[in-house]
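Structural description and commentary
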Amino acid sequence: MAEISVITVDGPSGAGKGTLASQLATHFGWHLLDSGALYRVVAYAVQQAEIDIADVAQVTQAACDLSVSFQSGRVVWQGTEITDVIRTEQMGNLASQLAALSPVRAALLDWQRQQARAPGLVADGRDMGTVVFPQANLKIFLTASAEERAKRRYQQLEQRGITANISSLAATIRERDERDQQRSDSPLIPAPDAILLDSTDRTIAEVFQRVLQVACERGL
Ligand code: DC
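This section reports on the structure supplied with the text.

Rules behind the numbers
Residues numbered from 1 in each chain as written. Predicted model: local features only at pLDDT ≥ 70, side-chain atom pairs only at ≥ 80, totals over all residues. Heavy atoms only, no water. Pairing = 2+ DSSP bridges. Helix = DSSP H or I, 4+ residues; strand = E, 2+ residues; numbered from the N terminus. Axes fitted to C-alpha atoms, helices over the stretch in contact; angles between N-to-C directions. Near = heavy atom within 4 Å. Polar contact = N/O pair within 3.5 Å; in protein donor to acceptor, adjacent residues only side chain to side chain. Salt bridge = Lys/Arg side-chain N within 4 Å of Asp/Glu carboxyl O. Buried < 20%, exposed > 50% of the residue type's maximum accessible area, 1.4 Å probe, protein only.

Pairing is parallel in the open sheet, where five strands are placed in the order 2-6-1-7-8. On the outer flanks of this sheet lie strand 2 (31-34) and strand 8 (195-198), each paired with one strand and no other. Neighbour-to-neighbour, the strand axes of the sheet open up by a mean angle of 20°, direction not taken into account. Across four bridges, strand 7 (residues 138-143) lies against strand 8 in parallel orientation. Looking at the pairing, Thr143 lines up with Asp198 of strand 8.

With that settled, consider the site of the ligand. Around the ligand, a shell composed of 16 residues is seen, among which Arg40, Arg105, Arg176, Asp180 and Arg183 lie nearest. Note that an oxygen atom of the ligand is positioned 2.6 Å from one of the side-chain N or O atoms of Arg40. A distance of 2.8 Å is found between a nitrogen atom of the ligand and a side-chain nitrogen or oxygen belonging to Asp127. For the shell around the ligand, the elements supplying multiple residues, two or more each, are helix 2 (35-48), helix 4 (89-98) and helix 8 (166-182). The dominant element in the shell around the ligand, judged by the number of residues it contributes, is helix 2, at four residues.

Moving on to the pattern of salt bridges. Per the counting criterion, the structure on display carries 12 salt bridges. A salt bridge links Asp193 to Lys139, with the nearest nitrogen and oxygen atoms 3.1 Å apart. Remark: Lys139 occurs in strand 7 and Asp193 occurs in the loop between helix 8 and strand 8; sequence separation between them is 54 residues. Notably, a salt bridge pairs Asp180 with Arg183, separated by 3.6 Å at the nearest N-O pair. Both residues of the pair, Asp180 and Arg183, belong to the buried class.

Here the amide bond leading from Ala118 into Pro119 is cis, since omega sits at 5°, within 30 degrees of zero. Tracing the backbone shows Pro119 in the loop between helix 5 (102-114) and strand 6 (120-125). If you check the backbone angles, Ser72 has positive phi at about 40° while not being a glycine. Tracing the backbone shows Ser72 in the loop between strand 3 (68-71) and strand 4 (74-77). By relative accessible area, which is 81% here, Ser72 ends up exposed. The phi torsion at Ser186 lies on the positive side, around 50°, for a residue other than glycine. Within the secondary structure, Ser186 sits in the loop between helix 8 and strand 8.

Below is the structure:
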């Protein structure tokens, strides 16, 4: 069977990975894997079952038992739509904590790899290019300054009518980045063959055009 083409988009939270990955998937007509959403669903399942995050065996079991479907941007867990409820800072933080546990990561690995289906996959996360799809055709590592990411998050929340404090958002973002970067299993680092892009002073349209150019050079 021919290899399935894969583009990975990794980077810290709020750098614009989600938007870029979804634009790329639409452009190429490929599948999209939002691996962060998967970790967030585990966080949600853990919270619903009132499992203590320190109980690694139970958290891992929740990841193994996960019954979730992603349908055109909608996240459905055990028959209930949880698309929006998993997007809170609190759920992101819990996801980041359980994502530091190796058995949890191992439990989610096969499912993620199975998302590489014809005609291709765009995978968004922290370890897509380093661990999950090391053979990807194109690896992007997208960053932006913590201040800029906090500002974008603030604007997103404001649009949804949620009031937030920009400096506490920046602190949460920094704390999450640090945990994701410093964990021993699959830390947030660029793959050696990744293309590094900084979106601090670029619009998402500019980033998208740059990635398309590289994808074209790679014959994608
Ligand atoms: O992309 P996100 O903000 O929705 O991800 C939430 C958390 O999940 C993130 O802080 C760390 C974890 N995560 C991970 O460890 N590996 C991934 N591939 C994706 C997310």
